[in-house]
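# Descriptive analysis of the structure
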Amino acid sequence: AKCNKDHLNDERDEIPKGASIAHHYIKKEKLVYVSFDIETAGESCGIVQVSAQIFRMVYRNGATESEIEEETFNKYVQPGKDAIWDEKACSIHGLSKDDDRIVNADEIDVVWKKFCEFIGRHIGRDQKGVLVAWNGQSCDLRWIYKLFQAPRSVLSLPVNLVFFMDPSVVIKHYASCKLNAKLSKIESYELGTVWKYT
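Our subject in this report is the structure included herewith. Nothing here was measured: the structure is a model prediction, and the numbers come from that model.

Attention now moves to helix α5 (residues 140-149). The set of residues buried in α5 consists of Asp140, Trp143, Ile144, Leu147 and Phe148. Buried residues of α5, viewed axially, fall in a sector of 140 degrees; they line one side.

Right, here's the structure in full:
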């Protein structure tokens, strides 16, 4: 997991060896997970969809359970009339520039503002959020970075969204993970395959 260190408090220094950098927030049930996905239509087009769902890990009777919140975020993005759509990227998600969901969509600055409002409704002031994105280290984070570094961009991550986790990296890296190939009969680390084992 990675984090935005500017938003952590001094408790970080007391993290037990081998524990998550979010250990104190997990222990106090103040960590909110944001399952996040971006769809793009290629390098010359950009983001065409932003989706997210909130879940929390809670402890009940000595066991950990996940609670999925009912409200989800799913907005399409109008990348601009001059955007060049990549056919290969479009074949993955099935969106095109003529799709009504794209034609009638807001531009990214409006969609991102709505996403930040969504996060604000679900992550309290005393809580921290972790952005969870499958293969996000190589894809979603790169696109988010592009958004924030664009000329004259006023977009940024919500301040309480401070951690990042890419489950595909965790599964491959930690041999003790039940989905790691050493402990399971998993055929590949593609999301659709891993999903069958969860």
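This is not the end of the story, as more comes after the structure.
Attention now goes to the pairing of strand β4 (residues 63-76). Where strand β3 (residues 47-60) and β4 come together, 11 bridges link them in antiparallel fashion. Bridged to valine 58 within β4 is glutamate 65.

The next subject is the pattern of salt bridges. Enumeration according to the criterion identifies 9 salt bridges in this entry. Close ionic contact of aspartate 126 with lysine 30 constitutes a salt bridge, the shortest N to O distance being 2.6 Å. Of this pair, aspartate 126 sits in the loop between α4 (108-122) and β5 (128-132) while lysine 30 sits in the loop between α1 (23-27) and β2 (31-40), placing them 96 residues apart in sequence. In this structure aspartate 126 comes out as partly exposed when scored by relative accessible area, which is 47%. When its relative accessible area of 27% is taken as the criterion, lysine 30 is described as partly exposed. Arginine 56 is paired through a salt bridge with glutamate 69; the nearest N and O atoms lie 2.5 Å apart. Residue arginine 56 is found in strand β3, and its partner glutamate 69 is found in strand β4; the two are separated by 13 residues along the sequence.

The rules behind each value
Residues numbered from 1 in each chain as written. Predicted model: local features only at pLDDT ≥ 70, side-chain atom pairs only at ≥ 80, totals over all residues. Heavy atoms only, no water. Buried < 20%, exposed > 50% of the residue type's maximum accessible area, 1.4 Å probe, protein only. Helix = DSSP H or I, 4+ residues; strand = E, 2+ residues; numbered from the N terminus. Arc of directions from axis to C-beta. Pairing = 2+ DSSP bridges. Salt bridge = Lys/Arg side-chain N within 4 Å of Asp/Glu carboxyl O.

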